[in-house]
Amino acid sequence: MSQNERNPFAISAQLRDRILLDMPCGLCAARQDEKLTLVFANESFYRMFGYTGAAEAVADGFTGALDRLTGSACGTIKRKVMSLLSSKEDTVLLETQQKKRDGSIFWAMLHLSRVRNDDPVFVCAYMDISEQKKVEEELRFREEEYRIVAIQNNKLVFRYDIASGTAYLSQELAAVFQESVIEDAPSRLERAGIVGTCSLDAFHDLYATIRSGVVPSGHAVLQLKLGSATAAYEWYHITYSLIYREDQTPAQAVFSLQNVSEQHEREVAYKRWEQTYAAMSKDKTAYLEFDLTQNRLELQKGGLIDRFPPLNEQTMENVMRYFVDHWVFPEDRELFRNYTARDRLLASYFRGVTPEKIEYRHLRENGRYDWIRFSIQMLPDPYSANVRASLLLRDIDARKREELLLQDRLRTDSLTGVLNRSAFAAEADTVFTEGQPAAKHALVMLDVDHFKQINDCFGHGFGDRVLIRVTETLRSALRADDLIGRLGGDEFLVLLKNVPQQEVLQTRLNYLRELLFQRVSEDKIISCSFGAAIFPCDGAGYEELYRKTDIALYAAKNAGRNCVRVYNDSMNPPITLFGEERT
């Protein structure tokens, strides 16, 4: 039986050689040396490198299968090929960069097989994979481009295989989870407590929608805990897009996650704001809404303020200017202007600062000024990049007046209405520490001479009327910015501001002493003794001035009462035994 009869597919040697030479991939045989010296190569091999044949290649020095290797991995590839000589492996598959005759570069898939015989050689097959690598590179660039865009927009991305339930994480998200592949992702995320309890229903609905494939793209807002086990839950906006198979069944989903905790909190605050406004009496509230970015009034509600008249432009500046000029108490206008300045509000928004509430006096139709609480909430517009400002005005007049009355009672003497001891000390100390550096002030202490005898003779009711008369006389004779306080009993304190000279002080105090003098019967008079100390020459603080004023008052009493003494260093301090009361 001939060879052809034994093997119906046998071919002639001539045809075999023709096939080897014309095969579209490069084939060669090379010795097992460091150079992989060529002992055979087909025409496709030489054409791949830009040569017409072996003679032209040899003339150009191309005699080894590894002669045209190039690129940064050249050394690594040569080491891998040489490792075949000492290993048990007989084949190796490599992607290599090769240089053509004209210097251009192409990618080749190199398959080496070792032939073990008397003359050992490598059989090498070269496939040009430049187009495939180009497609891979373009795909890699697109993925990298998408990843960079996601990073620049503060987004984390991952790919989800629907059939296997496996999530393939991006580089940034893998760093968070300390792994790049998560199998059975939905169940694992839930078991690990990564999805907040309040978001579990929305989480289940999201994945059910994805598995159904009915909605090609969608989104949800979920509470997630990314990072360490001790990390806090934050709100993320989840967006997905489905990739379908040819039969239109969903194969994969591409997800992006963006932290929207701040925005979510503001949206919740905005809803609460609206709920708060809805629950208020409309005649005691007003609501204004501005687009700060476009600088225009967009909404006005409530009966607290009238509708704005037609303005040239409904800008925030024009609206607030009209508001201030027509409804804000003059002393509150500067505060109001600063609080509602558009530039200031925008700067506060971008710094993440929420403006504090203010209270001002608002002119009502009856001509009375009522107390109003004014607050501002700033939120991003849900449908654009604009910033919106919501202004809420609320009538708090009754509560504010009660609060002021209570404060006034805490600061004033119940009988005379002047400052009590602690309130006087606080205000006087403020004058001393925050006033003009070169200013001179006088702290004055006075009391009613023999006040105990007046009470004993005429009764405590008469004594109270004497103290009230002293207060009224001081108020009528002193300037509006001078301070008056009652220490207790018949003792009063006065702070005379900006006293230029001691002689002027002496004259003023004698004038007060004469005003307070009163004869109530032939043998009974009401008079007062005065002691004074000057700031800053006699003391730089309240306590020191108070002590020296007390010394001066003691000197006036020793001088016979109904007189004035201004402190000097020659005065002896008073000696009081066991809290003995002056009479």
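Residue positions are counted from 1 within each chain, in the order its sequence is given. Where local features are concerned, this predicted model is filtered to residues with pLDDT of at least 70; where side-chain atom pairs are given and counted, the filter is 80 or more; whole-chain, interface and lining totals use all residues. Computation of side-chain values: all heavy atoms of the structure, hydrogens and water removed.

A. Quick look at the pairing of strand S14 (residues 296-301). Here the rule is simple: two strands pair whenever DSSP picks up at least two bridges between them. Labels follow the DSSP assignment, with helices taken as runs of H or I lasting at least four residues and strands as runs of E lasting at least two, numbered in each case from the N terminus. Relative to S14, strand S13 (residues 285-291) runs antiparallel, the two being bridged by 5 bridges. Of the residues in S14, the one forming a bridge with Asp-291 is Arg-296. Hairpin connection of S13 to S14: 4 residues between the antiparallel strands, including Asn-295 at a positive phi of 60 degrees.

B. Highlighting the sheet that holds strand S15 (residues 358-363). Spatially, S14-S13-S17-S16-S15 is the arrangement adopted by the 5 strands of the open sheet, whose pairing is antiparallel. The sheet is open, and its two edges are formed by S14 and S15, each paired on a single side. Going across the sheet, the axis of each strand differs from the next one's by a mean of 25 degrees, ignoring polarity. Sheet contacts for helix H11 (residues 316-327): S13, S14, S15, strand S16 (369-380) and strand S17 (387-395); angle to S15, the most-contacted strand, approximately 65 degrees. Across the sheet, helix H14 (residues 397-411) touches S15, S16 and S17, and the angle it forms with S16 is around 115 degrees. Here an angle of 0 to 180 degrees is reported between the N-to-C directions of two axes, which are lines fitted to C-alpha atoms, with helices fitted over the stretch in contact. Here, two residues are considered to be in contact whenever any of their heavy atoms come within 4.5 Å of each other.

C. Representation of the nonpolar core. As used in this record, nonpolar core signifies buried Ala, Val, Leu, Ile, Met, Phe, Trp, Tyr and Cys residues forming a set joined through side-chain atoms within 4.5 Å. Think of it in three bands: with a 1.4 Å probe and only protein chains considered, a residue is buried below 20% of the maximum accessible area for its type, exposed above 50%, and partly exposed in between. Ranked by internal contacts, the top residues of the largest apolar core, which has 30 residues, are Met-320, Phe-323, Phe-336, Phe-374 and Leu-391. For this core, the secondary-structure elements that each account for two or more residues are S13, H11, helix H12 (333-339), helix H13 (342-350), S15, S16 and S17. Take this core: its biggest share by element is 6 residues, from H11. For Phe-374, the contacting residues outside a window of four places in its chain are Phe-336, Tyr-339, Thr-340, Lys-357, Ile-358, Tyr-360, Leu-391, Leu-392 and Leu-393. Listed in part, the 29 residues of the second largest apolar core include Phe-158, Tyr-160, Ile-162 and Leu-226.

D. Inspection of the environment of Ile-372 at higher detail. When you line up the elements, Ile-372 lands in strand S16. Under the relative-accessibility criterion, Ile-372 is labelled buried at 0%. Residues Ile-372 and Arg-361, spaced 11 residues apart in sequence, show a C-alpha to C-alpha distance of 6.0 Å.

E. View of unusual backbone geometry. Cis geometry marks the peptide bond from Phe-535 to Pro-536, where omega comes out at 5 degrees. Within the secondary structure layout, Pro-536 lies in the loop between strand S23 (528-535) and helix H19 (542-558). The backbone phi angle of Leu-36 is positive, close to 55 degrees, even though this residue is not glycine. You can see Leu-36 is positioned in the loop between strand S1 (26-31) and strand S2 (38-41). Leu-36 gets classed as buried once you look at its relative accessible area, which sits at 0%.

F. Local environment of the sheet that holds strand S5 (residues 105-115). Overall, antiparallel pairing links the 6 strands, which are arranged S2-S1-S6-S5-S4-S3 in an open sheet. Where the open sheet ends on each side, the last strands, each with one partner, are S2 and strand S3 (69-70). In this structure, S1 lies alongside S2, joined through 3 bridges in antiparallel fashion. Bridged to Ala-29 within S2 is Phe-40. The sheet contacts of helix H5 (residues 74-83) involve S3, strand S4 (91-99), S5 and strand S6 (121-128), and relative to S4 the element is tilted by about 150 degrees.

G. A look at the pattern of salt bridges. What makes a salt bridge here is a side-chain nitrogen of Lys or Arg within 4 Å of a carboxyl oxygen of Asp or Glu, nothing more. As enumerated under the stated definition, the model contains 30 salt bridges in all. Arg-361 is the salt-bridge partner of Glu-331, the closest N and O atoms lying 3.9 Å from each other. With Glu-331 in the loop between H11 and H12 and Arg-361 in strand S15, this residue pair connects regions lying 30 residues apart in the sequence. When salt bridges that share partners are traced, they join Lys-284, Arg-364, Arg-368, Asp-370, Asp-395, Asp-397 and Arg-401 into one network.

H. Region of the structure containing the confidence of the model for the chain. Think of pLDDT as the predictor's per-residue confidence, scored from 0 to 100. Averaged over every residue, the pLDDT of the chain is 84; residues scoring 70 or more account for 88%. Scored below 50 in pLDDT, residues 579-583 shows 8 contacts in the model against residues more than four places distant or in partner chains.

I. Looking closely at the pairing of S5. Sheet topology places S4 next to S5; 9 bridges connect them, and they run antiparallel. By the bridge assignment, Val-92 is partnered in S5 with Leu-112. What sits between S4 and S5 in their antiparallel hairpin is a turn of 5 residues, with Gly-103 showing a positive phi close to 90 degrees. In terms of strand pairing, S5 meets S6 through 8 bridges, oriented antiparallel. Of the residues in S6, the one forming a bridge with Arg-114 is Phe-122.

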